[in-house]
Amino acid sequence: MKNYPPEFKADAVALYESRPEATIRSVAADLGINPETLRNWVRAAGASRPRGRRTQESAQPPAPLEAENAALRKKVRELEEEREILRKAAKYFAGETRW
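Definitions and cut-offs
Residues numbered from 1 in each chain as written. Predicted model: local features only at pLDDT ≥ 70, side-chain atom pairs only at ≥ 80, totals over all residues. Heavy atoms only, no water. Buried < 20%, exposed > 50% of the residue type's maximum accessible area, 1.4 Å probe, protein only. Helix = DSSP H or I, 4+ residues; strand = E, 2+ residues; numbered from the N terminus. Arc of directions from axis to C-beta. Contact = heavy atoms within 4.5 Å. Core = buried A, V, L, I, M, F, W, Y, C linked by side-chain atoms within 4.5 Å. Salt bridge = Lys/Arg side-chain N within 4 Å of Asp/Glu carboxyl O. Axes fitted to C-alpha atoms, helices over the stretch in contact; angles between N-to-C directions. Parallel < 35°, antiparallel > 145°, perpendicular 65-115°, else oblique. Left-handed = near helix turned anticlockwise from the far one by under 90°. Nonpolar A, V, L, I, M, F, W, Y, C, P; charged D, E, K, R; others polar.

A.B. asks: Kindly report on helix α2 (residues 24-31), identifying the contributing residues and their values.
C.D. replies: Every buried residue belonging to α2 is among Ile24, Val27 and Ala28, and all of these are buried. Viewed along the axis of α2, the buried residues span an arc of 100 degrees, placing them on a single side of the element. Facing away from the buried side of α2 by more than 90 degrees, the exposed set consists of Arg25, Ala29 and Asp30. The inward-facing, buried residues of α2 contact α1 (6-18) and α3 (35-45).

Listed below in structure tokens is the structure:
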């Protein structure tokens, strides 16, 4: 059994935590160590991270800027639809008056 320095163990755990898309197996392969060894270090460090889709979902309400951006995007869509309707109406009525 190999003995690894504590700094290496801490760095390996930090690397695993910093790459949410990576698995223990892929990080261990990158470091050239056994996946079970890294898994034990992660458990010993008490490191945990959300899994799957939960990493991207936020339990917090959207920040004020995000909410404002969403409202502004909605308003832009509405205005674009209104402009298109007015453009079509103007084209229609312009064609009618040429008689």
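Now that the structure has been shown, we can carry on.
A.B. asks: Can you explain the nonpolar core? Please cite residues and give values.
C.D. replies: If you look at the biggest cluster of nonpolar residues, it comprises eleven residues: Ala12, Val13, Tyr16, Ala22, Ile24, Val27, Ala28, Ile33, Leu38, Trp41 and Val42. If you list the elements that add at least two residues to this core, you get α1, α2 and α3.

A.B. asks: Could you give me a rundown of the pattern of salt bridges, with the residues and numbers involved?
C.D. replies: Counted by the stated rule, this structure contains three salt bridges. Note that Arg39 and Glu36 form a salt bridge whose closest N and O atoms lie 3.1 Å from each other. Within this pair, Arg39 and its partner Glu36 are both found in helix α3, separated by three residues, close to a single helical turn. Looking at Glu36, the relative accessible area reads 41%, which means it is partly exposed.

A.B. asks: Go over the packing of α2 against α3, please, and point to the residues and values.
C.D. replies: Two numbers describe how α2 lies on α3: the axes approach to 8 Å, and their chain directions differ by 110 degrees. Our classification of the angle between α2 and α3 gives roughly perpendicular. Judged by the sense of rotation from one axis to the other, the crossing of α2 with α3 is right-handed. Where α2 abuts α3, its residues Ile24, Arg25, Val27 and Ala28 lie against Pro35, Leu38 and Arg39. Residue composition of the contact of α2 with α3, by class: five nonpolar, no polar and two charged.

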